[in-house]
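For reference, the chains in residue letters:
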Amino acid sequence: MNSVNSTLIIILFAVTIIHPQNQLDEQLTKAEALYRNEEYFNSITELKRLIFFDSSKRYSYTANELIGECYEKGAKFTDALNYFARAEIAATNTDEIYNCRINTVKINILRRTTGRALSLLNALDKEPRFNGKKEEINYWKGWAYIFSDEWDKASDQFRRISKQNELGRFCDSIDNQKYSVTEAKILSFFIPGAGQIYTGNYLSGILSLGWNILWGYTTITAFQANRIFDGIMVAEFLWLRFYNGSNQNAEKFAIDKNLEISNNALIYLQNVYKGEKP
Amino acid sequence: MKNILLPFLFLTLLQGISYSQDVNLYSKENRKQFADYLYCQKDYLRAVNEYEEVPGLAASDTIRFKIGLAYLKMGDYDSASVNFSQIGSNSFFYNDAQAEFFKSQFLSGNYGSLNTENGNYTSVKQLKSFAYLFDYEPLPSKEIFISPFEGNERGKLSDFYDRKTNPPYKSELTAALLSTIIPGLGKIYTKEYSDGIIAFLVTGLMGYIAYTDFKANHKFREWLFTGLTAFFYGGNIYGSAASAQIYNAQVNFRLSSDMKLFLEEKDYFVPDYEFCK
């Protein structure tokens, strides 16, 4: 008789717990299906409904985290950060906390607030409870440096994971392709047009050199013929103008070329690289 | 055995019924509660969807009014106006709906709609006065204009009225004439002091060099600097007229931004509702 009583009481409790929970489970399943179908707006609605009716806060972490991901997919980064922060408050273990923080880092990388991403990653790096995540933290540091256009530092981070890391090698190759803006300016400082030639703009470099030779020659001959006023005017309004133009062009071409190289690298990473991306 | 089985069945049945009522996420009442929650979370688009998807819910004046407010907050002034205009004169929200309707019209730039017979509510009258300031219609007398306002607001509106009717513009012709007489004076008239002084010095310097070149019989340079003097002199006359235009545009801009700031501080004279307290 006692065993019958116990069984009945257990069933009674089971009904108490399982019945309402199933409703919320179904709600979560529905929201997840919408997320998989890329219906992010509807998925957020259903997840918010789940949060509203989940009086025990059992789904708080899962729902808030998934809302954050939906907002991230819709490029609503500020909303995504807000919901990852809520998920972190509701997190019940280290893995969940880590997941929220990494998602926050990814958002900061995507919206190019890479300084914030790096400071979050440094904070994670210092916490002993995340000692087992060092490789992953270095990986995301590498990505943060990629998005801040510091390919040498990105390579260092990836090489810490392994010497032959694929992204490390890629970052090195990009860093090698890039032009030194200072070198371009120094070249043009000594030989007008040389900076442009260094960045591959041969025609512009040769024209610049030609103009400088012409106005330099005119200036010098004017001074030699004691035509001081003409010499000053040609030097001031023609020679100096073309000389400065050459320096400015060298700097501009180097910056433009570097931007082109970086953008092509990011396009390659977006379309070809198969590993995890922000 | 029978003693325990009967209460057990009763309790199980009771729980089944009560839980199915408690956690039916899509019941009319629960959807309304969820929509209210979304509204208070400022997730207006989802709140509107939720209110409108539940059959019969939007028939309530309160819900219709909240839908209108949600559209207004989202900047969809046309949809807001449609919802506010559906609230009948016997509704508790009628006056507020009127005020919000005119606020929507005002924000969408439809100032003409404020000149209707319906605008007896104080906030509507106040918005109507402001519509005169933003519109190109002639203004009424100052007394009529400031009559819907009291206290400090009256003083502020009086100032706006004066700035609208007698804007402190600078004349383009005067600026140009002043610079014709003394280079740079037109710029000083339009309060561009540093520009005025520089224009005076540069034109004067070029003129002086041209004069000395003529005296020294430097054939090329005398005409070069005469040309430069004429260029700076003429350019300064044109620049002074342009400076007066820019000054006047700034006067208009300052008045417009001060009025918008005032309206935003006063929330367009509509009351604060307590839906989320």
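Please refer to the structure placed before this passage.
Residues numbered from 1 in each chain as written. Chains lettered and ligands numbered in written order. Predicted model: local features only at pLDDT ≥ 70, side-chain atom pairs only at ≥ 80, totals over all residues. Heavy atoms only, no water.

**Concerning the overall build of chain A**
Part 1 of the argument: Scanning chain A from N- to C-terminus turns up 13 helices and zero strands.
Part 2 of the argument: The secondary structure elements of chain A, listed N-terminal to C-terminal, are α-α-α-α-α-α-α-α-α-α-α-α-α.
Part 3 of the argument: By the compact-globule yardstick of 19 Å for 278 residues, chain A is too spread out, its C-alpha radius of gyration being 31 Å.
Part 4 of the argument: Here the C-alpha coordinates of chain A stretch approximately 125 × 40 × 30 Å along the principal axes.
Part 5 of the argument: Within chain A, buried positions represent 43% of all 278 residues. (Helix = DSSP H or I, 4+ residues; strand = E, 2+ residues; numbered from the N terminus. Rg over C-alpha atoms; globule rule 2.2 N^0.38 Å. Buried < 20%, exposed > 50% of the residue type's maximum accessible area, 1.4 Å probe, protein only.)

**With respect to the overall build of chain B**
Part 1 of the argument: When helices and strands are tallied, chain B shows 13 helices and zero strands.
Part 2 of the argument: Beginning at the N terminus, the succession of helices and strands in chain B can be written as α-α-α-α-α-α-α-α-α-α-α-α-α.
Part 3 of the argument: Roughly 15700 Å² of accessible area belongs to chain B as shown, and the carbon and sulfur atoms make up 57% of that amount. (Areas by Shrake-Rupley, 256 points an atom, 1.4 Å probe, with all protein chains shown as cover.)

**With respect to the packing of aromatic side chains**
Any two aromatic rings considered together are summarised by their centre-to-centre distance and by the angle between their planes.
Part 1 of the argument: Enumeration according to the criterion identifies 42 aromatic pairs over all chains in this entry.
Part 2 of the argument: On the numbers, 5.1 Å between centres and 85° between planes, the contact of Tyr139 of chain A with Trp140 of chain A is edge-to-face.
Part 3 of the argument: On the basis of an interplanar angle of 15° and a centroid distance of 6.1 Å, the ring pair of Tyr111 of chain B and Phe134 of chain B is categorised as stacked. Of the two residues, Tyr111 of chain B sits in the loop between helix H6 (94-107) and helix H7 (122-134) while Phe134 of chain B sits in helix H7, which places them 23 residues apart along the sequence. Residues Tyr111 of chain B and Phe134 of chain B agree in their burial class; the two are buried.
Part 4 of the argument: Linked through ring pairs, Tyr39, Tyr44, Phe65, Phe84, Phe92, Phe93, Tyr273 and Phe275 of chain B together constitute an aromatic cluster.
Part 5 of the argument: One cation-aromatic arrangement involves Lys170 of chain B over Tyr189 of chain B; the distance from NZ or CZ to the ring centre is 5.1 Å.
Part 6 of the argument: In this structure, Arg221 of chain B is placed above the aromatic ring of Phe229 of chain A, and the distance from its NZ or CZ to the ring centre is 4.8 Å. (Phe/Tyr/Trp six-rings, centres within 6.5 Å; stacked < 30°, edge-to-face > 60°. Lys NZ or Arg CZ within 6 Å of the ring centre and 35° of its normal.)

**A look at the nonpolar core**
All names here are of chain B.
Part 1 of the argument: The biggest cluster of nonpolar side chains holds 72 residues, and the ones touching the most others in it are Phe106, Phe130 and Leu157.
Part 2 of the argument: Looking at which element gives the most residues to this core, the answer is helix H4 (residues 61-74), with seven residues.
Part 3 of the argument: Beyond its immediate sequence surroundings of up to four residues, Phe106 is in contact with Tyr111, Leu114, Leu127, Phe130, Ala131, Phe134, Leu263 and Tyr268. (Core = buried A, V, L, I, M, F, W, Y, C linked by side-chain atoms within 4.5 Å. Contact = heavy atoms within 4.5 Å.)

**Description of the pattern of salt bridges**
Part 1 of the argument: Across all of its chains, the model carries 28 salt bridges over all chains by this definition.
Part 2 of the argument: Across the salt bridge formed by Glu276 of chain A and Lys106 of chain A, the nearest N and O atoms sit 3.2 Å from each other. Here Glu276 of chain A, found in the segment after helix H13 (228-271), pairs with Lys106 of chain A, found in helix H5 (residues 94-110); they are 170 residues apart in sequence, far enough to count as distant.
Part 3 of the argument: Overall, the relative accessible area of 44% leaves Glu276 of chain A in the partly exposed class.
Part 4 of the argument: Classification of Lys106 of chain A as buried rests on a relative accessible area of 12%.
Part 5 of the argument: For the salt bridge of Asp125 of chain A with Lys134 of chain A, the shortest nitrogen-to-oxygen distance reads 2.9 Å.
Part 6 of the argument: Counted as one network, the salt bridges with shared partners bring together Lys30, Glu46 and Arg49 of chain A together with Arg31, Glu50 and Glu53 of chain B. (Salt bridge = Lys/Arg side-chain N within 4 Å of Asp/Glu carboxyl O.)

**What about helix H6 (residues 114-126) of chain A?**
All names here are of chain A.
Part 1 of the argument: Between the first and last C-alpha of H6 there are 18 Å, a value that for 13 residues agrees with the 18 Å anticipated at 1.5 Å per step.
Part 2 of the argument: Every buried residue of H6 is accounted for by Thr114, Ala117, Leu118, Leu120, Leu121, Leu124 and Asp125. For H6, the angular spread of the buried residues around the axis is 160°, confining them to a single face. Along H6, exposed side chains directed more than 90 degrees from the buried face belong to Gly115 and Lys126. (Expected span 1.5 Å × (residues − 1). Arc of directions from axis to C-beta.)

**Here we look at the state of the cysteines**
Residue and element names in this part refer to chain A.
Part 1 of the argument: In this structure the tally under the stated criterion is one disulfide over all chains.
Part 2 of the argument: Cys70 takes part in no disulfide bond, and the closest cysteine sulfur to it belongs to Cys100, at a distance of 14 Å.
Part 3 of the argument: Classification of Cys70 as buried rests on a relative accessible area of 2%. (Disulfide = S-S within 2.5 Å.)

**Some details on H13 of chain A**
Part 1 of the argument: The terminal C-alpha atoms of H13 of chain A, which comprises 44 residues, lie 62 Å apart, in line with the 64 Å expected from a rise of 1.5 Å per residue.
Part 2 of the argument: Residue Ala235 of chain A marks the point of greatest curvature in H13 of chain A, where the axis turns by about 40°. (Bend = angle between axes of the 7 residues up to and from the residue.)

**Remarks on the packing of H6 of chain A against helix H7 (residues 134-147) of chain A**
Residue and element names in this part refer to chain A.
Part 1 of the argument: The interhelical angle for the contact between H6 and H7, taken along N-to-C directions, is 165°, at an axis separation of 9 Å. Between H6 and H7, the angle is such that the two are roughly antiparallel. The handedness of the crossing between H6 and H7 comes out as left-handed. Judged by residue contacts, Thr114, Ala117, Leu118, Leu121, Asn122, Leu124 and Asp125 of H6 engage Lys134, Ile137, Trp140, Lys141, Ala144, Tyr145 and Phe147 from H7. (Axes fitted to C-alpha atoms, helices over the stretch in contact; angles between N-to-C directions. Parallel < 35°, antiparallel > 145°, perpendicular 65-115°, else oblique. Left-handed = near helix turned anticlockwise from the far one by under 90°.)

**Concerning the layout of surface pockets**
Part 1 of the argument: Of the pockets and cavities examined, the largest pocket occupies roughly 380 Å³.
Part 2 of the argument: Around the largest pocket, the lining is made up of 19 residues, and of these Tyr39, Tyr44, Lys73, Asp272 and Tyr273 of chain B lie nearest the centre.
Part 3 of the argument: Residue composition of the lining of the largest pocket, by class: eleven nonpolar, no polar and eight charged.
Part 4 of the argument: Each pocket or cavity is described by its volume, and for the second largest pocket that value is around 280 Å³.
Part 5 of the argument: Around the second largest pocket, the lining is made up of 15 residues, and of these Ile44, Tyr71, Lys76 and Asp79 of chain A together with Arg46 of chain B lie nearest the centre. (1 Å grid on protein atoms, 1.4 Å probe; cavity = no way out; pocket = protein on both sides within 12 Å on 5 of 7 lines; lining within 4 Å. Points joined across faces, edges and corners; volume = space filled by probe spheres on them. Nonpolar A, V, L, I, M, F, W, Y, C, P; charged D, E, K, R; others polar.)

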